[in-house]
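# Remarks on the overall topology
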Amino acid sequence: SDTRKKLLELFAEANGEFLSGQKISERLGCSRAAVWKHIEELRKEGFELEAVRRLGYRIVSTPDKVTANEIQLGLKTETLGHTIHFFEEVDSTQRIAAKLAYEGAPEGTLVVAEEQKAGRGRLDRKWFSPKGTGIWMSLILRPPIPPQRAPQLTLLVAVAISQAIQEVTGLVPDIKWPNDILLHGKKGVGILTELQADPDRVHSVIVGIGINVNQTAEQFPEDIRAIATSLAIEKGERIKRAPLIQEILLRIERLYKQYLAHGFRSIKLLWEGYAVSIGKPVTARTLGGTIRGIARGITEDGLLILEDEEQNTHYIHSADIQL
Ligand code: BTX
């Protein structure tokens, strides 16, 4: 509302200093009781306000939002995130991005939501995406590559997110092939890449990114509490989401340009720098069955190389890996 906007302007002018209830009510032309109601509204939206008798009110911190404004203010990319579709609540950002891509949305289009009611993982698994505590977003890319090379993009994005998390929080993530990013052994990030393609050409890649940012351990459902974590849990403090999204977009853009110009080779090296499973015994559950062996690395295409007990080499396209 207009009053709300004026109130925020007043606080902006006050620049962190106290504003008396009297002064606010004069400037807004409303009663002290109405001022109090507006303050309560702001609190509900995530503003932290301090109230002190005789001094009045002071803004301690602004809310951690992921609206288009919030993400684009200070964004340093050339194309990624220049078009943003923000939603308070969606079924899945992945479904919306796929529809936009199909309708011709340009490369770099981003769909972001505060909450997903039907967030998806791989193989139709659920991705828990509660309101306001995580990053739930889908990015549209249009790489001029054949579909077989698309798995490389999942690895590229995993590297970019790991770099961004390291830059913003100081935490050093591990990547578990193909798409899990772990923090101290627990899953903090999920990546889901989906394609719209002909047999010989990709039309679009929808990169779904889910990051647990500010959840506490108790906020995870019981069935994943033992395996899941958030950046805030690992770091011991809350983290603002919009700057992290900006850093992720910037890192994806840099690696993506490098990838399109020089191929997967240099990305592969970066990926191996973060990988936890290489050289270790793992169990790979694929749709075709379970294979146990030593993870030897990844191929130039991004497939996992697994050597079983009989020294047979398997090239794995898609699986769940247990360390
Ligand atoms: P995934 O199949 O590797 O992981 C899904 C599994 O992870 C679930 O079965 C569950 O055990 C566990 N899990 C579910 N929710 C969480 C969570 N919040 N944190 C940690 N573990 C969890 C990973 O799939 C890919 C996830 C992509 C999510 C993004 S969010 C934006 C976009 N929209 C959408 O619907 N999906 C993507």
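Here the structure is a predicted model, which means the values were calculated and not measured.

Below, the discussion takes up the pattern of salt bridges. Within this structure, the stated rule accounts for 23 salt bridges. One salt bridge connects E88 with K131, and the closest N-O pair in it is separated by 3.7 Å. Of this pair, E88 sits in strand β3 (residues 84-90) while K131 sits in the loop between β4 (110-116) and β5 (134-141), placing them 43 residues apart in sequence. Given the relative accessible area of 36%, E88 is considered partly exposed. Between E115 and K117 there is a salt bridge, and its shortest N-O distance comes to 3.2 Å. The network of salt bridges with shared partners includes D64, K65, E88, E114, K131 and R241.

Next up on the list: the sheet that holds strand β11 (residues 289-298). Spatial ordering of the open sheet is given by β13-β12-β11-β10-β14, a layout of five strands whose pairing is antiparallel. Edge positions in the sheet fall to β13 (313-316) and β14 (320-322), since each has one partner strand and no second. Shown here is a sheet whose adjacent strand axes are inclined to one another by a mean of 45°, direction ignored. In this structure, β11 lies alongside strand β12 (residues 304-307), joined through four bridges in antiparallel fashion. By the bridge assignment, I298 is partnered in β12 with L304.

Glancing now at the site of the ligand. In the region of the ligand, 27 residues are neighbours, and S92, R120, R122, R125 and N212 sit closest. Contact distances for the ligand include 2.7 Å between an oxygen atom and a backbone N or O atom of R120. One nitrogen or oxygen atom from the side chain of R125 is found 2.9 Å from an oxygen atom belonging to the ligand. Isolated, the ligand exposes 790 Å² of accessible area, and the fraction of that covered by the protein chains is 92%. Of all the elements in the fold, those that place two or more residues in the shell around the ligand are α5 (93-102), β5, β8 (186-197) and β9 (202-212). Along the lines of polarity and charge, the residues of the shell around the ligand split into nine nonpolar, 12 polar and six charged.

Time to look at the domain arrangement of the protein chain. When its domains are assigned, the protein chain resolves into domain 1 (2-61), domain 2 (68-274) and domain 3 (281-322). Taking the mean C-alpha position of each, domain 2 and domain 3 sit 24 Å from one another. Of the roughly 1,200 Å² buried at the junction of domain 2 and domain 3 (both faces included), carbon and sulfur atoms supply 54%. Here domain 2 is connected to domain 3 by three salt bridges. We note a salt bridge from E300 to R265, for which the minimum N-O separation is 3.9 Å. Linking domain 2 to domain 3 there are six residue pairs in polar contact (both at pLDDT 80 or more).

Moving on, we get to unusual backbone geometry. The residue after W177, namely P178, is reached through a cis peptide bond having omega -5°. Mapped onto the fold, P178 is located in the loop between β6 (174-176) and β7 (180-183). Despite not being glycine, N15 shows a phi value in the positive range, around 55°. Looking at where N15 falls in the secondary structure, it is placed in the loop between α1 (2-14) and α2 (21-28). Given a relative accessible area of 65%, N15 falls into the exposed group. The backbone phi angle of Q311 is positive, close to 60°, even though this residue is not glycine. Note on placement: Q311 falls in the loop between β12 and β13. The class of Q311 is exposed, set by a relative accessible area of 57%.

When the terminal C-alpha atoms of α1 are compared, their 18 Å separation across 13 residues agrees well with the 18 Å that a helix rising 1.5 Å per residue should span. Turning to α1, its buried residues number three or more, namely L7, L10, F11 and A14. Looking down the long axis of α1, one finds its buried residues gathered within 95° of arc, a one-sided arrangement. Facing away from the buried side of α1 by over 90 degrees, the exposed positions are D2, K5, A12 and E13. Its buried side turned inward, α1 meets α2, α3 (32-44), β1 (48-52) and β2 (56-61). Of the residues trailing α1, N15 is marked for its positive phi of about 55°.

Calculation criteria
- Residues numbered from 1 in each chain as written.
- Predicted model: local features only at pLDDT ≥ 70, side-chain atom pairs only at ≥ 80, totals over all residues.
- Heavy atoms only, no water.
- Salt bridge = Lys/Arg side-chain N within 4 Å of Asp/Glu carboxyl O.
- Helix = DSSP H or I, 4+ residues; strand = E, 2+ residues; numbered from the N terminus.
- Buried < 20%, exposed > 50% of the residue type's maximum accessible area, 1.4 Å probe, protein only.
- Pairing = 2+ DSSP bridges.
- Axes fitted to C-alpha atoms, helices over the stretch in contact; angles between N-to-C directions.
- Near = heavy atom within 4 Å.
- Polar contact = N/O pair within 3.5 Å; in protein donor to acceptor, adjacent residues only side chain to side chain.
- Areas by Shrake-Rupley, 256 points an atom, 1.4 Å probe, with all protein chains shown as cover.
- Nonpolar A, V, L, I, M, F, W, Y, C, P; charged D, E, K, R; others polar.
- Domains from an automatic or database assignment.
- Buried area = accessible area lost by both parts, 1.4 Å probe.
- Expected span 1.5 Å × (residues − 1).
- Arc of directions from axis to C-beta.
- Contact = heavy atoms within 4.5 Å.

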